[in-house]
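Take a look at the letters that make up each chain.
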Amino acid sequence: GSAETALMLRSNPQLLKSSTRFIAEQDSLNASIGQGFVLNVLISVIAMMVGTVLGLFLGLGQVAQSRWLSRPAVVATQFFRNAPWLVLLFYCIFILPFRVTLFGTTIDVPNWLRATAGLTLPVMANVSEIVRGAVQSVPSGQWEGAASLALSRRRTLWLVILPQCVKRMLPPWMNLYAILLMSTPLASIVGVEEALTMTRNALGAERRSELLIPFYGALLVAFFCACWPIALATRRLEAYASRERTA
């Protein structure tokens, strides 16, 4: 029992010291993996925020009447949407500068920030397609009604069309974020010390093959717990939007 274990540890100081060191090492490894997972979430949030803003304007460019705007927007969207995410990661890691100088001050650009830029590009392209599809799904009567009120195309787009697109865009946008979060371990390949890298480092430090499945299993559960609520919310929003359309 616990009393016998405590008595054994007291009678053997060396065993007590080893046990204490082992527990401290495990706590340190768990903390480092947890910090790595926080970095995964941070990368996904920043990439999603920046990609959403850029993708919004790129998507509006796709539906612009001017060919000088729509054609480059379509080309950029299709290029980054169909490019492998890992290739874009390598591209940004090796093309973007390792450090920048601003007003005489040299600032290092960490790997995780350049990896975030690499993930922002496909997010931008996918958000652009979401925006384009949502805008084109609005009935033409909405455009005609706004034109009858003497609203310009720009005012119609921002005041009439886009507010109706929010509900249509939200489910695929949330699904895209879940995919992005699950894709952040790709950053480990380019040297970012996120959760997968820290798990690999912990396994290398322990050198115990029996920990392989528990460590990676815990990481799998962590990503599942982060993405499953998003999937549930997406399904509920899709069901709500479907009921509204049939009402």
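Conventions used here
- Residue positions are counted from 1 within each chain, in the order its sequence is given.
- Only residues with pLDDT of at least 70 are given local features in this predicted model, and only at 80 or more are side-chain atom pairs given and counted; all residues enter the totals for whole chains, interfaces and linings.
- Heavy atoms from the whole structure form the basis of all side-chain values; hydrogens and water molecules are not counted.
- Pairing of aromatic rings covers Phe, Tyr and Trp, the last through its six-membered ring, and needs centres within 6.5 Å; plane angles under 30 degrees mean stacked, over 60 mean edge-to-face, and all others mean tilted.
- By definition, any uninterrupted DSSP run of H or I lasting at least four residues is a helix, any uninterrupted run of E lasting at least two residues is a strand, and each is numbered from the N terminus.
- Residue exposure (1.4 Å probe, protein chains only): buried if accessible area is under 20% of the type maximum, exposed if over 50%, otherwise partly exposed.
- Whether a charge sits over a ring comes down to the Lys NZ or Arg CZ being within 6 Å of the ring centre and within 35 degrees of the ring normal.
- When DSSP finds two or more bridges between a pair of strands, those strands are recorded as paired.
- Here an angle of 0 to 180 degrees is reported between the N-to-C directions of two axes, which are lines fitted to C-alpha atoms, with helices fitted over the stretch in contact.
- Roughly parallel means an angle under 35 degrees; roughly antiparallel, over 145; roughly perpendicular, 65 to 115; everything else is oblique.
- The handedness criterion is simple: a crossing whose near helix is rotated anticlockwise from the far helix by less than a right angle is left-handed, and one whose near helix is rotated clockwise is right-handed.
- Whether two residues touch is decided by their heavy atoms; if any such pair falls within 4.5 Å, the residues are in contact.
- Under the convention adopted here, Pro, Cys and the residues Ala, Val, Leu, Ile, Met, Phe, Trp and Tyr are nonpolar, Asp, Glu, Lys and Arg are charged, and Gly plus all remaining residues are polar.
- Charge counting follows a simple rule: Lys and Arg are positive, Asp and Glu are negative, and His as well as the terminal groups are ignored.
- Note on definitions: salt bridges are taken to be side-chain nitrogens of Lys or Arg within 4 Å of carboxyl oxygens of Asp or Glu.
- Polar contact is the term for a pair of N or O atoms within 3.5 Å; when the atoms are in protein, one must be able to donate a hydrogen and the other to accept it, and sequence-neighboring residues count only if both atoms are side-chain atoms.

## Observations concerning the packing of aromatic side chains
Here comes step 1: Within this structure, the stated rule accounts for four aromatic pairs.
Here comes step 2: Both rings, one in F79 and one in F80, keep their centres 5.1 Å apart while their planes meet at 80°; by these two values the pair is edge-to-face.
Here comes step 3: With a centroid separation of 6.0 Å and an interplanar angle of 5°, the aromatic rings of F90 and F94 are classed as stacked. Remark: F94 and F90 occur in helix α4 (residues 85-95); sequence separation between them is four residues, near one turn of the helix.
Here comes step 4: A relative accessible area of 31% means that F90 is categorised as partly exposed.
Here comes step 5: On the basis of relative accessibility, which here comes to 57%, the residue F94 falls in the exposed class.
Here comes step 6: One residue, R114, lies across the ring of F98, its end atom 4.2 Å from the ring centre.

## Here we look at the pairing of strand β2 (residues 105-108)
Here comes step 1: Relative to β2, strand β1 (residues 99-102) is paired through four bridges, and the arrangement is antiparallel. The residue bridging T101 from the neighbouring strand is T106, located in β2.
Here comes step 2: In textbook terms, the turn of a hairpin is the stretch between consecutive antiparallel strands, and for β1 and β2 this stretch comprises two residues, one of which, F103, has a positive phi near 55°.

## Observations regarding the packing of α4 against helix α5 (residues 111-137)
Here comes step 1: At a minimum axis separation of 8 Å, α4 and α5 run at an interaxial angle of 135°. Between α4 and α5, the angle falls in the class oblique. Crossing geometry of α4 relative to α5 is assigned as right-handed. Residues W85, L88, L89, C92 and I93 of α4 form the contact with α5, whose own contacting residues are N111, R114, A115, A117, G118, L119, L121, P122 and N126.
Here comes step 2: The class makeup of the residues in the contact of α4 with α5 is 10 nonpolar, three polar and one charged.

## Some points on the side chain of E194
Here comes step 1: By the secondary structure assignment, E194 is in the loop between α7 (153-183) and α8 (195-206).
Here comes step 2: It is R200 that comes nearest to the buried, bridge-free E194 among opposite-charge side chains, at 6.1 Å.
Here comes step 3: A distance of 2.9 Å separates a polar side-chain atom of E194 from the backbone nitrogen of T197.

## Observations concerning the pattern of salt bridges
Oppositely charged side chains may form a pair once their charged atoms are brought near each other.
Here comes step 1: Using the criterion set out here, one finds one salt bridge in the structure.
Here comes step 2: Linking R132 and E129 is a salt bridge whose minimum nitrogen-to-oxygen distance equals 3.1 Å. Of this pair, R132 and E129 both sit in helix α5, three residues apart, which is roughly one turn of the helix.
Here comes step 3: Residue classification places R132 among the partly exposed residues on the basis of a relative accessible area of 24%.

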